[in-house]
Every structure is written in C-alpha cells, then in structure tokens.
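Observations on the three-dimensional arrangement
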Amino acid sequence: MVSSGLHARVAEVRERIAAAVARGGHGQRVTLIAVTKTHGADAVEAAAAAGVPDVGENKVQEALAKMDQVAAPVQWHLIGHLQRNKAKHVTRFALVHSIDSERLARAVDAVGRDAAQPVPVLLQVNVSGEDSKGGFPPDELGGVAERLRDAAGLRVRGVMTMAPFEAAEGVLRRVFSGAREALRVVSAAGHPATELSMGMSGDYEVAVEEGATMVRLGTILFGARTT
Ligand SMILES: *Cc1c(COP(=O)(O)O)cnc(C)c1O
C-alpha cells in the first residue's frame, strides 16, 4: 500500500533537490530522510526498497518498536523532542537532530561517555522564535557550542531547524539562512559541524536552495498522516 508509487515520488523529489542545489549555488550533497512517523514498519521497508536508507522518527518508543520489526539496514534519525529520561536510547540512532537544551545535551553526553562512543547530534536552533518550536535561540548558540566543547560523549555534527508552517517564501529564506549562519557559529566553536537539517514537505526546495544538507520528508512521500 504505502509503497505504491513511492519509487516515482522519490525520483521526483531527488530531481527537485538537484535542481534546488543548482539554483542555490551551495553545491552541497543532500541526504533525503524519509519521515516514517505514524506509519508502520512497512513504510520503513518501502523506503529502503525505494533507495532511501535514512528514516526519521519523532518519538523514541515508536522508533524502537519499528526497529524490532524492520530487517532492512536503515539508519534511524531521531527528529522529535527527546525527553531526558529517554536519553539512554540514543545509541540506537545514527543521528539525533533535536538537542534543544543544555540539560539534554549533558544527559546525552553522559550516555555517550558511558558507551565510550560519542553520540552524533545536531543542535536544534529556533530561528523563527515561535513559542511552539523548540531549540536554542540563535544568539545563545555560540555560547552553548563553546561550553559543549568538553562534551566527549557528543559529536556535534551540525544544526537542525524547523520553519513556520506554510510561511511566505521570504520568511522561509530568513529562517533557513539564519540556520546556515548558526551552523557557521557551531563550526567556528570547534565542532565537526557540517550538517544542516532543514526542509519538510512544504518547504524543502527553499531549504535546499539555502544550503540544507538533510531534508526530512514525510507527507510528500507517504501521503497525509492520519494520526
Ligand atoms: C513530521 C516531521 C517532518 C516531516 O514533515 P512533512 O511535512 O510530513 O514532510 C519533518 N521534521 C520533523 C521534526 C517532523 O516532526
């Protein structure tokens, strides 16, 4: 069911991403992350079969349940808010996009130290300043990044942001270019930060024009979510 037409949609999205890279002029590689939240393990298998080995989930428990059911070798991305009491599960994910507070960063750092395996993470930045969105205010990110330099259990690979829903193009560009600047700040603080996770079904082409290296697409690949 979920897979009918998925190959064609993936092909079209990849073409649009390539065109947006060309228009934007950043020359970056873009990882397509299939957001399978609310869909079953079959969606994950379908994504893998359609040549998309990166999948995104926004809830830890839902992701863990699917991991047990999926045989395909996919990389799991945690893209939703992580509660500190679930931090121990981060070792199951290839990348945690949603480090949105220093307390959470320290909790994940502790997990990485215990495991003797730094946890790859992104710092979430709230460029738009909307109350409904998590993440660090852009003007606090430099200080946070400086303080996290001693976090041996973290590998800070970049930043993630979310734009306001159905915003005008000018607003999207301001948010996405603000995230690009935030990435520069994190990298300048000494982290191996090169990833810019931004762009969802409604705004990924603008995000890629502004330099996104990871886009997180659900609806456009799998259809509207029912839950
Ligand atoms: C659900 C979700 C997405 C995907 O949204 P679509 O509009 O369905 O593409 C991307 N990022 C995050 C953080 C999400 O929670």
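Look a little higher up for the structure.
Calculation notes
Residues numbered from 1 in each chain as written. Predicted model: local features only at pLDDT ≥ 70, side-chain atom pairs only at ≥ 80, totals over all residues. Heavy atoms only, no water. Helix = DSSP H or I, 4+ residues; strand = E, 2+ residues; numbered from the N terminus. Rg over C-alpha atoms; globule rule 2.2 N^0.38 Å. Buried < 20%, exposed > 50% of the residue type's maximum accessible area, 1.4 Å probe, protein only. Contact = heavy atoms within 4.5 Å. Areas by Shrake-Rupley, 256 points an atom, 1.4 Å probe, with all protein chains shown as cover. Salt bridge = Lys/Arg side-chain N within 4 Å of Asp/Glu carboxyl O. 1 Å grid on protein atoms, 1.4 Å probe; cavity = no way out; pocket = protein on both sides within 12 Å on 5 of 7 lines; lining within 4 Å. Points joined across faces, edges and corners; volume = space filled by probe spheres on them. Nonpolar A, V, L, I, M, F, W, Y, C, P; charged D, E, K, R; others polar. Polar contact = N/O pair within 3.5 Å; in protein donor to acceptor, adjacent residues only side chain to side chain.

Looking at the overall build of the chain
Secondary structure assignment for the chain yields 8 helices and 8 strands. At 17 Å, the chain has a C-alpha radius of gyration in line with the 17 Å of a compact globule built from 227 residues. Counting all 227 residues of the chain, 50% fall into the buried class. At a minimum sequence separation of 6, the contacts of the chain that also span at least 24 residues come to 59%. Summing over all exposed atoms, the chain offers an accessible surface of approximately 10,300 Å²; the carbon and sulfur share of this is 50%.

A short note on the pattern of salt bridges
Summed over the entire model, instances satisfying the criterion amount to 17 salt bridges. Between E12 and R16 there is a salt bridge; the shortest N-O distance is 2.9 Å. In this pair, E12 and R16 both sit in helix 1 (residues 6–24), 4 residues apart, roughly one turn of the helix. R16 gets classed as partly exposed once you look at its relative accessible area, which sits at 36%. Taking the shortest distance from any N to any O, the salt bridge between E205 and R16 comes out at 3.2 Å. Taken together, the residues E205 in helix 7 (residues 204–209) and R16 in helix 1 connect sequence positions 189 residues apart. Each member of the salt-bridge network shares a partner with another, and the members are R23, E169, R173, R180, E209 and E210.

Here we look at the layout of surface pockets
For the largest pocket, the calculated volume is near 650 Å³. Contributing to the lining of the largest pocket are 28 residues, with K37, M162, M200, R216 and R225 lying nearest its centre. In the lining of the largest pocket, the residues fall into 11 nonpolar, 10 polar and 7 charged.

Observations concerning the side chain of E195
Looking at the secondary structure, you find E195 in strand 7 (residues 195–197). By relative accessible area, E195 is classed as buried at 17%. Side-chain polar atoms of E195 contact the side chain of T213, separated by 2.6 Å. Setting aside chain neighbours within four positions, we find E195 in contact with L122, R157, G158, V159, L183, T213 and M214.

The quantities given are spatial measurements derived from coordinates; they are silent on function.
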